[in-house]
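# Secondary and tertiary structure notes
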Amino acid sequence: MALEKNQVAELGAILNQAQTHLETLGVSHPKLDLLIAAARQAGALGAKLTGGGVGGAMIALTKTPAQTSAVIAALETVGAREIWTQQYTTTQ
């Protein structure tokens, strides 16, 4: 529902909650945890691993270009090897 209604703050909270469950299941990794924490501290609305886990991929959700830039810088600082961004716009 949050994605469908463009409720990015709620979607971010859902991503964070999902990551907590993934950590509890033991499918995260200390390096991913570091990247996720860095993204959140830099202003990401939410962040979690993606894929099958332990593979080193994560996603972070931002709302503004400034947040995106801050998250990219934070990820680079803690050693992210590759960073991709995708911008979505709504047409309402």
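An account of the accompanying structure is given in this report. (Residues numbered from 1 in each chain as written. Predicted model: local features only at pLDDT ≥ 70, side-chain atom pairs only at ≥ 80, totals over all residues. Heavy atoms only, no water.)

### Digging into the overall build of the chain
Helix and strand content of the chain: 3 helices and 2 strands. In sequence order, the chain lays out its α and β elements as α-α-β-β-α. For the C-alpha atoms alone, the extent of the chain along its principal axes is close to 40 × 25 × 20 Å. Looking at the 92 residues of the chain, the share that counts as buried comes to 26%. Put simply, of all contacts in the chain between residues at least 6 apart along the chain, 48% involve residues at least 24 apart. Of the roughly 6,300 Å² of accessible surface on the chain, a fraction of 55% belongs to carbon and sulfur atoms. Both charge centroids of the chain, one from 6 positive and one from 6 negative side chains, sit 1 Å from each other. (Helix = DSSP H or I, 4+ residues; strand = E, 2+ residues; numbered from the N terminus. Buried < 20%, exposed > 50% of the residue type's maximum accessible area, 1.4 Å probe, protein only. Contact = heavy atoms within 4.5 Å. Areas by Shrake-Rupley, 256 points an atom, 1.4 Å probe, with all protein chains shown as cover. Lys, Arg positive; Asp, Glu negative; His and termini not counted. Charge placed at Lys NZ, Arg CZ, Asp CG, Glu CD.)

### Focus: the pairing of strand 1 (residues 46-49)
Along strand 1, one buried face is formed by G46 and K48 and the opposite face, lined by A47 and L49, is buried too. With 4 bridges connecting them, strand 1 and strand 2 (residues 58-61) associate as antiparallel partners. The partner of G46 across the bridge, within strand 2, is L61. (Pairing = 2+ DSSP bridges.)

### Let's talk about helix 1 (residues 8-25)
Helical geometry: 3.6 residues make up each α-helical turn, so side chains three or four residues apart lie on a common side. Here helix 1 contains 18 residues, and its C-alpha end-to-end distance of 26 Å stays within 8% of the 26 Å for a straight helix at 1.5 Å per residue. Turning to helix 1, the residues buried within the fold contact helix 2 (30-41), strand 1 and strand 2. After helix 1 finishes, the residue G26 shows a positive phi value of roughly 85 degrees. (Expected span 1.5 Å × (residues − 1).)

### Regarding the side chain of Q19
Here Q19 lies in helix 1. The exposure class of Q19 is buried, given its relative accessible area of 0%. At 2.8 Å, the side chain of Q19 and the backbone nitrogen of L49 are in polar contact. Setting aside chain neighbours within four positions, we find Q19 in contact with S28, D33, I36, R40, A47, K48 and L49. (Polar contact = N/O pair within 3.5 Å; in protein donor to acceptor, adjacent residues only side chain to side chain.)

### Some thoughts on the nonpolar core
The biggest cluster of nonpolar side chains holds 11 residues, and these are L22, L32, L35, I36, A39, A44, A47, L49, M58, V71 and L75. Going through the elements one at a time, helix 2, strand 1 and helix 3 (65-77) are the ones with two or more residues in this core. For this core, the element with the highest residue contribution is helix 2, accounting for 4 residues. Ignoring sequence-local partners within four residues, the contact set of L49 consists of Q19, L22, V27, S28, L32, I36, A57 and M58. (Core = buried A, V, L, I, M, F, W, Y, C linked by side-chain atoms within 4.5 Å.)

### Side note on the packing of helix 1 against helix 2
Between helix 1 and helix 2, the least distance of the axes is 13 Å, while the angle of their chain directions is 160 degrees. Classified by the interaxial angle, the pair formed by helix 1 and helix 2 is roughly antiparallel. The chirality of how helix 1 crosses helix 2 is left-handed. In this structure, helix 1 uses N16, Q19 and E23 to contact helix 2, whose residues at the interface are D33, I36 and R40. Each residue belonging to the contact of helix 1 with helix 2 can be placed in one class, and the counts come to 1 nonpolar, 2 polar and 3 charged. (Axes fitted to C-alpha atoms, helices over the stretch in contact; angles between N-to-C directions. Parallel < 35°, antiparallel > 145°, perpendicular 65-115°, else oblique. Left-handed = near helix turned anticlockwise from the far one by under 90°. Nonpolar A, V, L, I, M, F, W, Y, C, P; charged D, E, K, R; others polar.)

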